[in-house]
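# Descriptive analysis of the structure
Here is how the chains run, residue by residue.
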Amino acid sequence: MITVFLLQHSYEVNRVENSKIIGIYSSREIAESIIIKYKKIPGFRNYPNEFFIDGYELDEDNWEEGFVSSFVLDDKRITE
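Report on the accompanying structure.

Rules and cut-offs
- Residues numbered from 1 in each chain as written.
- Predicted model: local features only at pLDDT ≥ 70, side-chain atom pairs only at ≥ 80, totals over all residues.
- Heavy atoms only, no water.
- Helix = DSSP H or I, 4+ residues; strand = E, 2+ residues; numbered from the N terminus.
- Buried < 20%, exposed > 50% of the residue type's maximum accessible area, 1.4 Å probe, protein only.
- Contact = heavy atoms within 4.5 Å.
- Areas by Shrake-Rupley, 256 points an atom, 1.4 Å probe, with all protein chains shown as cover.
- Polar contact = N/O pair within 3.5 Å; in protein donor to acceptor, adjacent residues only side chain to side chain.
- Arc of directions from axis to C-beta.
- Phe/Tyr/Trp six-rings, centres within 6.5 Å; stacked < 30°, edge-to-face > 60°.
- Lys NZ or Arg CZ within 6 Å of the ring centre and 35° of its normal.

Along its length, the protein carries 1 helix and 5 strands. In the protein, which comprises 80 residues, the share counted as buried stands at 21%. For the protein, the share of sequence-separated contacts (at least 6 apart) that also reach a separation of at least 24 residues comes to 45%. Of the roughly 6300 Å² that the protein leaves accessible, carbon and sulfur atoms contribute 52%.

Here it is as structure tokens:
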């Protein structure tokens, strides 16, 4: 099995989630080195602890739980 590592930056402001996929890397070590670089970039450096690395096996299903919707209505988060 081959594992790749997805690097994301995700944070919430005023109950609005902001997420960016930065890249997919061949090792966790490479993804961690990219975080060091991005922590210096405006926007990313404002939220330096909001980087996430997830490993994924290639050619495997990675989402089997079904579909979930989430939205804000009258200042309340609704999840279906």
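Our focus in this paragraph is the side chain of serine 10. Relative to the helices and strands, serine 10 resides in strand E1 (residues 3-13). Among the residues examined, serine 10 registers a relative accessible area of 14% and is labelled buried. A polar contact of 3.1 Å, which involves the side chain of serine 10, links it to the side chain of glutamate 17. Only 2.8 Å separates the side chain of serine 10 from the side chain of serine 19, close enough to count as a polar contact. Discounting residues that sit within four places of it in the chain, serine 10 has contacts with Glu17, Asn18, Ser19, Glu50 and Phe52.

Note that histidine 9 resides in strand E1. Its relative accessible area of 0% is what places histidine 9 among the buried residues. The residues touching histidine 9, leaving out its near neighbours within four places in the chain, are Asn18, Ser19, Lys20, Ile22, Gly43, Phe44, Tyr47, Glu50 and Phe51.

This part is about helix H1 (residues 28-38). All buried positions along H1 are accounted for by Ala31, Ile34 and Ile35. Buried residues of H1, viewed axially, fall in a sector of 110°; they line one side. Along H1, exposed side chains directed more than 90 degrees from the buried face belong to Glu29 and Ile36. In this fold, the buried residues of H1 make contact with E1, strand E2 (16-25) and strand E3 (51-57).

It is worth spelling out the packing of aromatic side chains at this point. Scanning the model with the defined rule gives 3 aromatic pairs in all. Seen from their ring centres, tyrosine 38 and phenylalanine 44 are 4.9 Å apart, and the 90° between their planes marks the pair as edge-to-face. With a centroid separation of 6.2 Å and an interplanar angle of 20°, the aromatic rings of phenylalanine 44 and phenylalanine 51 are classed as stacked. Ring-pair connections join several aromatic residues into one group, and the members of that group are Tyr38, Phe44 and Phe51. One cation-aromatic arrangement involves lysine 20 over phenylalanine 44; the distance from NZ or CZ to the ring centre is 5.6 Å.

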